[in-house]
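Residue-level structure breakdown
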Amino acid sequence: MSKRFTSLALTAHPPAATRRGRGRSRRVLAPFTAASVLVAGAALAGCGQQRDAGTYTVMNSSTDESYHRWDAEAMARCGKELGVTIEQQSVPAAQVMTKALRMASSKSLPDIVQFDASEMPTFADAGGLVDLRTLGLSTEDIPDGIVDFGSYKGTYYGAARSVNTLALFYNKDVLDEAGLDVPTTWDELRRTAKELTEGKRYGLALSAGGAEDGVFQFTPFMWSNGGDETDLDGPKVVEALDYWKSLLKDRSLSKSTVNWTQADVNDQFMAGNAAMMINGPWQVETLNSDKSLHWGIAPIPVPEAGDDSVGPLGGAVLTVPNTGDEGREKTAGKIVACLSSEKEQLTYALNSWMVPANAKAAAVWREKVPELDSLADQVAVARSRTAKLGAGWSSVSLALQSAFQSALTGQSSETALKRAQQRATSGN
């Protein structure tokens with residue numbers, strides 16, 4: 001195993017500052033007040049339904065057949081170990097928060113909710129989650145950056161089984177045929193994408209849709225350029241969005257990029273309609289299903305040689321809702337501890353191609369999947385989207401989503417981002 005990975009990978013602290021500087025800091029108002037009131041007023045009022053004493057429910061977003069099966073198998077193993085039955089309730093990722101809020105309203109929250117880490121602070125801010133340390137969970141073998149990833153205001157609410165980030169995927173055959181190297185800087189990426197755009201094939205595919213997928217994909221460009229989520233109309237963020245616009249102007253990106261999810265991007269890449277794409281390790285299983293597709297992975301290009309490629313630390317965290325039933329919460333904590341144990345993390349990561357959150361499991365993982373070294377390197381400097389703003393991230397995300405739609409369909413980046421900053425600070 002690489003010694004560098006032992007000391008760096010999965011530390012994932014947000015960098016203190018980038019070489020390119022940082023902008024002004026502004027207070028961001030969270031538009032989640034209604035949600036917080038609902039959680040505080042309903043979820044914390046206790047369980048409103050009778051529950052089977054030996055059956056526990058986990059709500060997650062594992063709607064994909066493979067992920068649902070892997071989770072079911074893990075829950076069966078942990079259920080057998082703990083002497084309980086664990087049922088899985090999977091809903092689309094975009095619906096986890098809204099469904100959890102509805103269930104809070106009816107006092108029917110599940111015993112465990114797997115939130116996207118960017119959504120977890122909304123429940124935590126209202127007091128809707130239990131401190132996992134009080135339930136006996138240890139963070140001894142979890143790097144500080146990932147403990148922070150599952151924490152809100154210093155309290156550990158979410159246990160991550162694995163983490164991920166974004167990288168540049170490329171078609172080896174297409175680049176080899178064109179005699180081109182894998183790009184490492186923005187200038188190189190723009191030239192390479194333009195040269196590889198031919199017929200129905202675009203040089204690059206990425207998601208700039210009006211949802212969290214697009215924001216997730218924008219952060220490497222914003223952060224690597226020294227931009228900051230507290231200063232959306234700052235010059236470094238404007239430059240990053242202008243760079244996206246330049247790719248669109250070159251016709252290296254499809255106009256449909258404003259509508260694509262990350263799954264759509266992967267479909268385009270696999271169909272041969274894109275020579276390169278920005279995406280994450282959750283696509284690897286699908287990529288490997290096409291034996292004729294020879295793909296490689298590299299860090300996302302940076303503005304200038306020598307810059308850090310700073311991507312978003314992504315993934316979900318297992319949380320225990322505060323239902324008022326301390327006995328069930330304690331058992332739910334044991335289930336979370338089992339599902340996030342070193343052994344279960346490694347099994348899950350090897351299935352899903354994610355990086356284990358546990359440092360010991362991550363060391364074994366890197367030895368087993370050396371082809372994903374670039375991904376592990378990106379995780380080493382990745383940042384949590386909620387590290388600075390906590391629950392206020394949702395306000396920034398919504399504002400950026402609107403800015404992408406405006407800027408990539410004709411409005412200037414400066415105007416679109418100025419409006420985004422206004423929306424983020426006012427909550428409108």
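A few points on the structure.

Conventions we followed
- Residues numbered from 1 in each chain as written.
- Predicted model: local features only at pLDDT ≥ 70, side-chain atom pairs only at ≥ 80, totals over all residues.
- Heavy atoms only, no water.
- Core = buried A, V, L, I, M, F, W, Y, C linked by side-chain atoms within 4.5 Å.
- Buried < 20%, exposed > 50% of the residue type's maximum accessible area, 1.4 Å probe, protein only.
- Helix = DSSP H or I, 4+ residues; strand = E, 2+ residues; numbered from the N terminus.
- Domains from an automatic or database assignment.
- Contact = heavy atoms within 4.5 Å.
- Patch = residues over 30% accessible without salt bridge, like charges linked within 9 Å, V, L, I, M, F, W, Y side chains within 5 Å.
- Areas by Shrake-Rupley, 256 points an atom, 1.4 Å probe, with all protein chains shown as cover.
- Salt bridge = Lys/Arg side-chain N within 4 Å of Asp/Glu carboxyl O.
- Lys, Arg positive; Asp, Glu negative; His and termini not counted.
- Charge placed at Lys NZ, Arg CZ, Asp CG, Glu CD.
- Polar contact = N/O pair within 3.5 Å; in protein donor to acceptor, adjacent residues only side chain to side chain.
- Pairing = 2+ DSSP bridges.
- Axes fitted to C-alpha atoms, helices over the stretch in contact; angles between N-to-C directions.
- Disulfide = S-S within 2.5 Å.

All right, on to the nonpolar core then. Counting 74 residues, the largest nonpolar core has Phe115 and Trp295 as the members making the most contacts within it. For this core, the leading source of residues is helix 4 (residues 96-105), giving six residues. A domain-level breakdown of this core finds at least three residues from each of domain 1 (55-164 + 314-384) and domain 2 (167-310 + 389-426). The residues contacting Trp295, other than those within four sequence positions of it, are Phe169, Tyr170, Lys172, Phe269, Val284, Leu287, Asn288 and Leu372.

The grouping of Asp173, Asp176, Glu177 and Glu198 at the surface amounts to a negative patch. In this fold, Asp173 is placed in helix 7 (residues 172-178). The exposure class of Asp173 is partly exposed, given its relative accessible area of 38%.

Let us now look at the side chain of Ser62. With respect to the helices, strands and loops of the structure, Ser62 is situated in the loop between strand 1 (55-60) and helix 3 (65-82). What makes Ser62 buried here is its relative accessible area of 5%. Here Asp71 takes part through its side chain, which lies 2.5 Å from a polar atom of the side chain of Ser62. Non-local contacts of Ser62, meaning those with residues more than four positions away in its chain, are made with Tyr67, His68, Asp71, Gln88 and Ser90.

Moving on, we get to the sheet that holds strand 3 (residues 112-116). Taken together, the five strands give an open sheet; going across it, the order is 2-1-3-13-6, and neighbouring strands pair in mixed fashion. The open sheet is flanked by strand 2 (85-90) and strand 6 (159-160), the only strands paired with a single partner. Pairing geometry for strand 3 and strand 13 (residues 316-319), over four bridges, is antiparallel. Of the residues in strand 13, the one forming a bridge with Asp116 is Ala316. The strands touched by helix 13 (residues 326-339) within the sheet are strand 1, strand 2, strand 3, strand 6 and strand 13, with strand 1 carrying the most contacts at an inclination of about 55°.

Once that is clear, we can look at the state of the cysteines. Enumeration over the complete set of coordinates arrives at one disulfide. Each disulfide pairs two cysteine sulfurs, and for Cys78 the partner residue is Cys338, the sulfurs being separated by 2.1 Å. Torsion about the S-S bond of the Cys78 and Cys338 cystine: about -90°, corresponding to left-handed handedness. Separated by 260 residues along the polypeptide, Cys78 in helix 3 and Cys338 in helix 13 bring together distant segments of the chain. Each member of the pair, Cys78 as well as Cys338, carries the same accessibility label: buried.

One pass over the full model with this rule turns up eleven salt bridges. With its nearest N and O atoms 3.9 Å apart, the salt bridge here joins Asp141 to Lys360. Residue Asp141 is found in the loop between helix 5 (120-125) and helix 6 (144-149), and its partner Lys360 is found in helix 15 (residues 359-368); the two are separated by 219 residues along the sequence. Residue class for Asp141 comes out partly exposed when judged on its relative accessible area of 26%. Here Asp228 ties to Lys388 by a salt bridge, and the two come within 2.2 Å at their closest N and O atoms. A residue pair is termed long-range when its members are at least 10 positions apart, and Asp228 in the loop between helix 9 (212-224) and helix 10 (235-249) and Lys388 in the loop between strand 15 (383-384) and helix 17 (393-407) qualify at 160 residues.

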